[in-house]
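Chain by chain, the residues:
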Amino acid sequence: MSAAGDGPGPDTYKGWLFKWTNYLKGYQRRWFVLRNGLLSYYRTQAEMAHTCRGTITLATVHIEVGDTCHLVLTSGGRSYHLKACSEGECQRWVSALQQAKANATQMMHQSDDSGDEGSVSQPDRSLTQGALKTLATKLDDLSTCNELIGKHGAALQRSLSELEDLRSPGDGADKLKTINERATLFRITSNAMINACRDFVDLAEAHTRRWQRALQYERDQRRHLEETIEQLAKQHNSLERAWRETPSTHSQGSEQTGDVDTSDDNEDVEFFDAMEDSTAFITVPASNHTQRSYSLQQRRGRRSHIPDKPNYSLNLWSIMKNCIGKELSKIPMPVNFNEPLSMLQRLTEDLEYSDLLDRAALCSSALQQLSLVAAFSVSSYSTTVHRTGKPFNPLLGETYELDRLQEYGYRSICEQVSHHPPAAAHHVTSQRGWTLWQEITIDSKFRGKYISIMPLGRIHLVFHSSGNHYVWSKVTSTVHNIIVGKLWIDQSGDIEIVNRRTKDTCHLKFSPYSYFSRDIPRKVTGVVADSDGVAHYILSGTWDGKMESAKIVESSRDCGGSEGKLKTVYQTLPPKLLWKKYPLPENAENMYFFSSLALTLNEPEEGMAPTDSRLRPDQRLMEAGLWDEANAQKQRLEEQQRLERRRREAQANLAVEESKRDVYQPLWFEKRADSETGESSYVYRGGYWEAKEKQDWAQCPTIF
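Fair warning: this is a prediction, and the values are worked out from it, not measured in the lab.

> Just to check I follow, could you spell out the side chain of Asp530 for this structure?
Along the chain, the position of Asp530 falls in the loop between strand E23 (523-529) and strand E24 (535-542). We note that Asp530 is buried and unpaired, the nearest opposite charge coming from Lys551 at a distance of 9.7 Å. Among the polar contacts made by the side chain of Asp530, one reaches the main-chain amide nitrogen of Asp532 at a distance of 2.9 Å. Excluding its chain neighbours within four sequence positions, the residues that come into contact with Asp530 are Leu367, Lys503, Asp504 and His536.

> Looking at this structure, how should I read empty space enclosed by the protein?
Rolled over the atoms, a probe sized like a water molecule indicates the empty space that remains. Per the counting criterion, the structure on display carries 4 cavities of 30 Å³ or more. Size it by volume and the largest cavity reaches roughly 90 Å³. In terms of lining residues, the largest cavity is bounded by 13 residues, among which Asp350, Phe376, Ile459, Trp472 and Lys474 are the most central. Mapped by element, the contributors of at least two residues to the lining of the largest cavity are helix H8 (366-379) and strand E16 (434-446).

> Before we go on, may I ask you to explain the pairing of E24 in this structure?
Counting buried positions along E24 yields 6 of 8 residues, so the element is predominantly enclosed. When E23 meets E24, the two strands line up antiparallel, connected through 7 bridges. Within the sheet, the bridge partner assigned to Lys523 lies in E24 and is Thr542. Between E23 and E24, which pair antiparallel and follow one another directly, the connecting turn spans 5 residues, one of which, Gly533, has a positive phi of 85°.

> Looking at this structure, how should I read the pattern of salt bridges?
In a structure, side chains of opposite charge can pair up when their charged atoms sit close to one another. Under the defined criterion, the tally for this structure stands at 26 salt bridges. For the salt bridge of Arg500 with Asp674, the shortest nitrogen-to-oxygen distance reads 3.2 Å. Taken together, the positions of Arg500 in the loop between strand E21 (488-499) and strand E22 (505-510) and Asp674 in the loop between strand E28 (669-673) and strand E29 (680-684) put the pair 174 residues apart, joining distant regions of the chain. When the shortest N-O distance is used, the salt bridge between Arg672 and Glu670 registers 2.8 Å. Residue classification places Glu670 among the partly exposed positions, given a relative accessible area of 28%. Each member of the salt-bridge network shares a partner with another, and the members are Glu339, Arg346, Glu349 and Arg387.

> Please clarify how the packing of aromatic side chains should be interpreted in this entry.
One pair of aromatic rings is described through two measures. These are the centre distance and the angle between the planes. Enumeration over the complete set of coordinates arrives at 18 aromatic pairs. Between Trp488 and Tyr513, the aromatic rings sit 5.7 Å apart at their centres with planes inclined by 80°, giving edge-to-face as the arrangement. Here the residue Trp488 occupies a position in strand E21, and Tyr513 occupies one in the loop between E22 and E23, the gap between them amounting to 25 residues. In textbook terms, an aromatic cluster arises when at least three aromatic residues are bridged by ring pairs, as seen for Tyr13, Phe32, Tyr41 and Trp93. One residue, Arg29, lies across the ring of Trp16, its end atom 4.0 Å from the ring centre.

> Even after reading the chapter, I still don't get the environment of Pro307, so can you show me in this structure?
Relative to the assigned elements, Pro307 resides in the loop between strand E10 (281-285) and helix H5 (316-320). What makes Pro307 partly exposed here is its relative accessible area of 39%.

> Would you take a moment to explain H8 for this structure?
At 3.6 residues per turn, the α-helix brings residues three or four places apart onto the same side. With 14 residues, H8 should reach 20 Å at 1.5 Å per residue; the first-to-last C-alpha distance of 20 Å fits that figure. The buried fraction of H8 is high, at 13 of 14 residues. You can read the cap of H8 off the contacts: a side-chain oxygen lies 3.4 Å from the backbone nitrogen of Leu367, and it is on Ser365.

> Explain the side chain of His419 here, please?
Take His419: it is sitting in the loop between strand E14 (410-418) and strand E15 (423-430). Within the structure, the side chain of His419 is placed 3.0 Å from the side chain of Gln641, a separation counted as a polar contact. Among residues more than four places away in sequence, those in contact with His419 are Pro394, Leu396 and Gln641.

> I'm lost on the nonpolar core in this one. Help?
Here is a general trend for soluble globular proteins: nonpolar side chains tend to be buried in one another's company. Formed by 63 residues in total, the largest nonpolar core has its most connected members in Trp434, Leu461, Phe463, Trp472, Ile497, Leu508 and Phe510. Here this core takes 8 residues from H8, the largest share from any one element. Setting aside residues up to four positions removed in sequence, Trp472 forms contacts with Val373, Phe376, Ser377, Gly457, Arg458, Ile459, Leu461, Ile495, Glu496 and Ile497. By size, the runner-up hydrophobic cluster in this structure holds 22 residues, among which are Leu34, Leu73, Leu82 and Trp93.

Analysis parameters
- Residues numbered from 1 in each chain as written.
- Predicted model: local features only at pLDDT ≥ 70, side-chain atom pairs only at ≥ 80, totals over all residues.
- Heavy atoms only, no water.
- Helix = DSSP H or I, 4+ residues; strand = E, 2+ residues; numbered from the N terminus.
- Buried < 20%, exposed > 50% of the residue type's maximum accessible area, 1.4 Å probe, protein only.
- Lys, Arg positive; Asp, Glu negative; His and termini not counted.
- Salt bridge = Lys/Arg side-chain N within 4 Å of Asp/Glu carboxyl O.
- Polar contact = N/O pair within 3.5 Å; in protein donor to acceptor, adjacent residues only side chain to side chain.
- Contact = heavy atoms within 4.5 Å.
- 1 Å grid on protein atoms, 1.4 Å probe; cavity = no way out; pocket = protein on both sides within 12 Å on 5 of 7 lines; lining within 4 Å.
- Points joined across faces, edges and corners; volume = space filled by probe spheres on them.
- Pairing = 2+ DSSP bridges.
- Phe/Tyr/Trp six-rings, centres within 6.5 Å; stacked < 30°, edge-to-face > 60°.
- Lys NZ or Arg CZ within 6 Å of the ring centre and 35° of its normal.
- Expected span 1.5 Å × (residues − 1).
- Core = buried A, V, L, I, M, F, W, Y, C linked by side-chain atoms within 4.5 Å.

And the structure:
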């Protein structure tokens, strides 16, 4: 199923081949891409965006054609045994590889020196070391000559001075003889210096051309690599745009054929292989499956773009190197590392897929409802995959409202209830049968190479008709490559969702990314079980793609696990699609990779509170592309907040005899104890939407 690529030139080709791995696994299906003299292979087509499993340089490869669709590529003492699905396909690959090899070889010869110095693509190490040693010797000779010239020159100068001081003509003959001797020594030393300089220059010129060619070769190789990476990036963008244009068609095609994002490597779909203290299990589909796809949400009457992100360069390491071990919220950062949204708005982004909760509210089965709640908890991470920008730390008392009653039936209000540690409270009420609330405290640490962000707190979700009350927490987010390389985000950890009414549970595992893992990147697996611990549904997918649910119809024990452990083998019905990520808007890469909902979050609204994040001046200036002005405003607001905090602390010290509580109290949230656990957290006290209706904001502080 290979096809010629859409890139330029005859050495662009891509498709499926079978690659020999080992005697245990035999031939495994791999996606091969031939471009610019390099043959790269991936486990799936989706891996082209982030993980290359290997690259073969065709300039030095030996191509051998075997029988029955086999071919062998030998490079650097290593052989790659490949197999095509047909003779015709094998011949097409051989032709493409031979042409690519010829082009790569020709490019290498063009970079070689035309003289008898030979190829400089791999300069002879001994010749280079010998040349450097000879040059060092010549430099020592020059240094010696320089010292002698200085010594003899000084002696000659003294003799001339003594000659001038002579008063008796009889002594002149001896002095002149001495001067002649010293002048002769000076001339000999000068000639030696000149000869040594000539030898050094001749030797340097003899090797300059070789080194210039070697340097030019390295430059060509670097340019060649940059062009290859650029072409891969363009290919990825074009595939992504094509998918956006016809999402339903691609979704149905991939779900029915299974040829787009899967390979024959996945003979056994194993879950929880890396989980400790859990029973491993395997799912075996009972029959071929069909999956449903859900249409995109319709977003009407709201903006669909923001100004493009300016191209400002700034060295992150120069700022972060003195902050190792500190909390991220206490590190002063310019807006260059931010995105024009506050943490309150990022928290509200969890509602991107609120339709999952609308569907869950209509479920008659608590276990099916729990599956949709689990998919909702995973979907909140889908917007973070490319979002390496840091959201603005909200000011104390800052709020954010999101009124989507007309479009999606819910209204959301957030408030920053604490500054150190930073904590935000969130409350959402939906007319479609559910209420959600949470208090999240961000604990973040900079570790030198990466930043860990640990959201602390619990999320509560109650469905009005059934009274089912679900509780869960968030996983750890990690931003990698802080020092060098491209920033990327990973999510890892476990989520335990509990239905307090029925005691049903769902255990989700977010697998950390590993280059050596056979699992797909960003993998999420889970099990939905009843109060007795009996599993009913298997959940699987990725936190940046989709989640599926498969109902268990039969289970058995198998000793196929590692180290003799027993595995629970579940036979399931065909999996059903629970959730699939919406495609990003066009030009998202220049708009901070915002989703369609995120693009609307900072859009001004009428009648909002004066403490709303949309009114924050530094954030608005950053969105408009005025980063220098935004940095000035950010410094002003942070200094203003520090002064306000000192004032409150002084008031608290004065009132310490009367009350141990902090002087500051949030406007719209208050602390209450959880009836089941006894833990205190901020919950909505009410009054915000009534105040908005009356436009009575007299009690709101001036924070901007």
